Amino acid sequence: MTTYSTNEFKNGLKIMLDADPCSIIENEFVKPGKGQAFNRVKIRNLKTGRVVERTFKSGDTVEGADVVDVEMQYLYSDGEFWYFMSPETYEQLGADKTAVGDAAKWLKEQALCLVTLWNGVPLSVEPPVHVVLRVTDTDPGVRGDTSGGGGKPATLETGAVVRVPLFINIGDSLKVNTQTGEYIARAKE
Amino acid sequence: MPAPRNSGEPGREGDWRPRAPLEALRRRAALLARARAFFGDRGYLEVETPVLGRAGAADAQLAQFTVGDPVSGTLYLQTSPEYAMKRLIMAGSGSIFQITKAFRQGEAGRFHNPEFTLIEWYGLGYDHRRLIEEACALVAELVPPLRGSARIVTFRQAFRDALSVDPIEDRTERLRAIACARLPSVRGLALDDRDELLDLLMSHAVAPGFPAGGLTVVTDYPASQAALARINPGGLADRFEIYCGALELANGFYEAARHAEYAERFAGEERKRRERSLPAVAPDRRLLAALAEGDLPECAGCALGLDRVLMVAMKAAHIHEVLAFPAESA
């Protein structure tokens, strides 16, 4: 088992805290005068996404977390699990609802996602930043209106709902930013 | 010479450029010149003492770099020039100052680099009050906007103001309860040692409340944190720290004078090292030999971190911004 001393702390280091895998996002070394040194650390819990602050005595050690990010292709979902495949090893893994979370509404077959594994089990899934998805439902388009002003909701083939310009029709393919959930442009297919 | 570039990945071998902009190097040169003029005007003698010494610092809180030498055995990169300068004082040097590199292992972060520059000086015939005045005058000389900003507060009052707790009289359990209530981040931390608790509260809750952009001088430390300062009749240490905002710039003592005090405090630190399974450190027998011949002449001494003064002068957010080659690119 890997352990890390506080002097190995740096952003992105994966450690175990309260039995959960976490990632260090900020590490500050504080030492008063001639006294005890501390590391004041901001840590993201990789299971819940919550950020907490923790103070360690400098020189203390913590257990490392076996967490890796791998690029995997999304295959399909059976409703309970979402299956991904490594394009290099063809190894397949199922990620549960907790791991997939909000990413589910952006997942289309063959999309290359970043899957975070903890002890080999998917912990979280990050969809591509930009995806192209077809509109399955929206109010009829307003011909001639290409201003993009106003807007209306549109449901995409993966279930996501985004705000789109009035000229968008059912069947159109849209380029969407999955991080902001915003429409970018109509995609040519 | 090409302009420095800060975007390079630190630690990458191809990254040969200085981290600090050239402007920081010019400002540093100006500070060094001003500091030397300041001490010259006051009749101080500039001295040099070894950076590589046979004795280590007693202080259990300091981790030291050691250097193996086939002839001399283990040598220590000095964490401060204090012991050697006191030997000079014992030899009759009078008031002395030094601008030197000091080394502390494992100290790296926004305000720390393992190798850093200290201005250390000893005023003969000074007590801590007079030295506080001089230290604040020096800082104001180096960073003019800080002139007249100094506010003196006792350690006890600083804790009372920030936390309504008495760091001298209140029981350790009360200090721990306050730490746990005020600092959610300490969950899971073993806090049995009173001084560790005081250090935690000072660095996490008291100092962060000091006025930004001004100097705060903290005086009258608990005797357990005296280091080599005198203990006054009130049972507190005549030690002071100068902060700018929450950033500690300087540490000074009305110096303990007697051989017995030094021997006792060195032994105390050695005990702490043993308790914490820290490596033993060769004590400074030469300093003790000097003090065995008589008391240290009445004096007060102060160490000022020059890199941090430069950070304040340049409003730098990270010590890397004022160092040509910080540890990762040294």
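The structure this text deals with has already been given above.
Residues numbered from 1 in each chain as written. Chains lettered and ligands numbered in written order. Predicted model: local features only at pLDDT ≥ 70, side-chain atom pairs only at ≥ 80, totals over all residues. Heavy atoms only, no water.

Enquirer: Please clarify how helix H7 (residues 259-275) of chain B should be interpreted in this entry.
Expert: Residues separated by three or four positions in an α-helix point in the same direction, a consequence of the helix having 3.6 residues per turn. Residues and elements named next belong to chain B. Its 17 residues give H7 an end-to-end C-alpha distance of 24 Å, which sits within 8% of 24 Å, the value for a rise of 1.5 Å per residue. Here H7 has its buried residues at Glu 261, Tyr 262, Arg 265, Phe 266, Gly 268, Glu 269 and Arg 273. With its buried residues spanning 155 degrees around the axis, H7 presents them on a single face. Away from its buried face, by an angle of more than 90 degrees, H7 presents the exposed residues Glu 264, Arg 274 and Glu 275. Against helix H2 (82-90) and helix H8 (285-292) lie the buried residues of H7. Taken from the residues just after H7, Ser 277 is the one with a positive phi, measuring 55 degrees. (Helix = DSSP H or I, 4+ residues; strand = E, 2+ residues; numbered from the N terminus. Expected span 1.5 Å × (residues − 1). Buried < 20%, exposed > 50% of the residue type's maximum accessible area, 1.4 Å probe, protein only. Arc of directions from axis to C-beta. Contact = heavy atoms within 4.5 Å.)

Enquirer: Help me out: how do you make sense of the pattern of salt bridges in this one?
Expert: Where charged atoms of side chains with opposite charge meet at close range, the side chains can pair. Residues and elements named next belong to chain B. Summed over all chains, the structure comprises 30 salt bridges over all chains. With a shortest N-O distance of 3.8 Å, Arg 274 and Glu 270 are connected by a salt bridge. Of this pair, Arg 274 and Glu 270 both sit in helix H7, four residues apart, which is roughly one turn of that helix. Residue class for Glu 270 comes out partly exposed when judged on its relative accessible area of 36%. (Salt bridge = Lys/Arg side-chain N within 4 Å of Asp/Glu carboxyl O.)

Enquirer: What am I meant to see in the interface of chain B and chain A here?
Expert: Interface size is commonly expressed as the accessible surface area that is lost when the partners come together. Of the residues lining the interface, 26 residues belong to chain B; the matching set on chain A comes to 18 residues. With both sides pooled, the region where chain B packs onto chain A buries about 2,100 Å², and carbon together with sulfur makes up 51% of that total. Where chain B packs against chain A, one counts four salt bridges. Salt-bridge contacts for B:Arg110 lead to A:Glu28; the nearest nitrogen and oxygen are separated by 3.3 Å. Taken together, the connections running from chain B to chain A amount to seven residue pairs in polar contact (both at pLDDT 80 or more). Of all the secondary structure elements, the ones that give two or more residues to the side of chain B that touches chain A are helix H6 (194-206), strand E9 (239-244) and strand E10 (247-254) of chain B. For the side of chain B that touches chain A, the element with the most residues is H6(B), which contributes five residues. Grouping the constituent residues of the side of chain B that touches chain A by class yields nine nonpolar, eight polar and nine charged. (Buried area = accessible area lost by both parts, 1.4 Å probe. Polar contact = N/O pair within 3.5 Å; in protein donor to acceptor, adjacent residues only side chain to side chain. Nonpolar A, V, L, I, M, F, W, Y, C, P; charged D, E, K, R; others polar.)

Enquirer: Explanation requested: the pairing of strand E11 (residues 299-305) of chain B in the structure shown.
Expert: Two faces, one strand: in a regular strand the side chains alternate between the faces of the sheet. Residue and element names in this part refer to chain B. Burial analysis of E11 places seven of its seven residues in the buried class, the great majority of the element. Along E11, one buried face is formed by Cys 299, Gly 301, Ala 303 and Gly 305 and the opposite face, lined by Ala 300, Cys 302 and Leu 304, is buried too. Bridge analysis of strand E6 (residues 115-124) against E11 gives seven bridges, and the strand direction is antiparallel. Within E11, the residue paired with Trp 121 across the bridge is Cys 302. Where E10 lies against E11, five bridges are found, and the strand directions are antiparallel. (Pairing = 2+ DSSP bridges.)

Enquirer: What exactly am I supposed to notice about the nonpolar core here?
Expert: Considering soluble globular proteins, one finds that nonpolar side chains tend to be buried as a cluster. Residues and elements named next belong to chain B. Counting residues in hydrophobic clusters, the biggest one holds 50 residues, and the most contacted among them are Phe 159, Met 202 and Tyr 262. Secondary structure elements with two or more residues in this core: H2, helix H4 (155-163), helix H5 (172-182), H6, H7 and H8. Here this core gets seven residues from one element, more than from any other, and that element is H6. For Phe 159, the residues in contact, after removing those within four places along its chain, are Ser 164, Val 165, Pro 167, Leu 198, Leu 201, Met 202 and Val 206. Within the second largest apolar cluster, 40 residues are counted, among which are Leu 215, Ile 242, Cys 244 and Leu 247. (Core = buried A, V, L, I, M, F, W, Y, C linked by side-chain atoms within 4.5 Å.)

Enquirer: What is the right way to look at the sheet that holds E11(B) in this model?
Expert: Hydrogen bonds along the backbone pair up the strands of a sheet, which may run parallel or antiparallel. Residues and elements named next belong to chain B. With mixed pairing, eight strands are arranged side by side in an open sheet as E1-E5-E6-E11-E10-E9-E8-E7. Each having just a single partner strand, strand E1 (45-46) and strand E7 (151-154) make up the two edges of the open sheet. Helix H1 (residues 22-41) rests against E1, strand E5 (96-103) and E6 of the sheet, and its axis sits at about 145 degrees to E5. Lying on the sheet, H2 is in contact with E5, E6, E10 and E11; it crosses E6 at an angle near 25 degrees. (Axes fitted to C-alpha atoms, helices over the stretch in contact; angles between N-to-C directions.)

Enquirer: Before we go on, may I ask you to explain the environment of A:Val62 in this structure?
Expert: Residue and element names in this part refer to chain A. Structurally, Val 62 can be placed in strand E6 (residues 61-63). Overall, Val 62 belongs to the buried group, its relative accessible area being 9%. As for Val 62 and Thr 2, which are separated by 60 residues in sequence, their C-alpha atoms are 8.7 Å apart.

Enquirer: It is not clear to me how the packing of H4(B) against H6(B) should be interpreted in this structure. Could you clarify?
Expert: Each pair of packed helices can be summarised by the angle the axes make with each other and by the distance between the axes. All names here are of chain B. Two elements in contact, H4 and H6, have axes whose closest approach is 11 Å; the angle formed by their N-to-C orientations is 55 degrees. Considering the angle they form, H4 stands oblique to H6. Two packed elements cross with a definite hand, and for H4 against H6 that hand is left-handed. When H4 is examined against H6, the residues Phe 155, Ala 158, Phe 159, Ala 162 and Leu 163 are found in contact with a partner set consisting of Leu 198, Leu 201, Met 202, Ala 205 and Val 206. In the contact of H4 with H6, the residues fall into 10 nonpolar, no polar and no charged. (Parallel < 35°, antiparallel > 145°, perpendicular 65-115°, else oblique. Left-handed = near helix turned anticlockwise from the far one by under 90°.)

Enquirer: Teacher, can you tell me more about H8(B) here?
Expert: All names here are of chain B. If you check which residues of H8 are buried, you get Leu 287, Leu 288, Ala 290 and Leu 291. One face of H8 carries all of its buried residues, which in axial projection span an arc of 155 degrees. Relative to its buried face, H8 has exposed residues pointing more than 90 degrees away, namely Arg 285, Arg 286 and Ala 292. Its buried side turned inward, H8 meets H2 and H7.

Enquirer: Help me understand the layout of surface pockets in this model?
Expert: Empty space among the atoms can be located by rolling a probe the size of a water molecule over them. In this model, the largest pocket occupies a volume close to 1,300 Å³. What lines the largest pocket is a set of 43 residues, among which A:Asn7, A:Phe29, B:Gly106, B:Glu107 and B:Ala108 lie closest to the centre. Among the residues making up the lining of the largest pocket, the classes are represented as 15 nonpolar, 16 polar and 12 charged. (1 Å grid on protein atoms, 1.4 Å probe; cavity = no way out; pocket = protein on both sides within 12 Å on 5 of 7 lines; lining within 4 Å. Points joined across faces, edges and corners; volume = space filled by probe spheres on them.)

Enquirer: What is the right way to look at the pairing of strand E3 (residues 20-30) of chain A in this model?
Expert: All names here are of chain A. Here E3 lies mainly inside the structure; eight of its 11 residues are buried. Bridge count for strand E2 (residues 14-17) against E3 is four bridges, and the pairing is antiparallel. Note on E3: the bridge partner recorded for Met 16 is Pro 21. Hairpin remark: E2 followed by E3, antiparallel, with two residues in the connecting loop; positive phi at Asp 18, about 50 degrees. Direction of pairing for E3 relative to strand E4 (residues 38-45): antiparallel, over a ladder of eight bridges. By the bridge assignment, Cys 22 is partnered in E4 with Asn 45.

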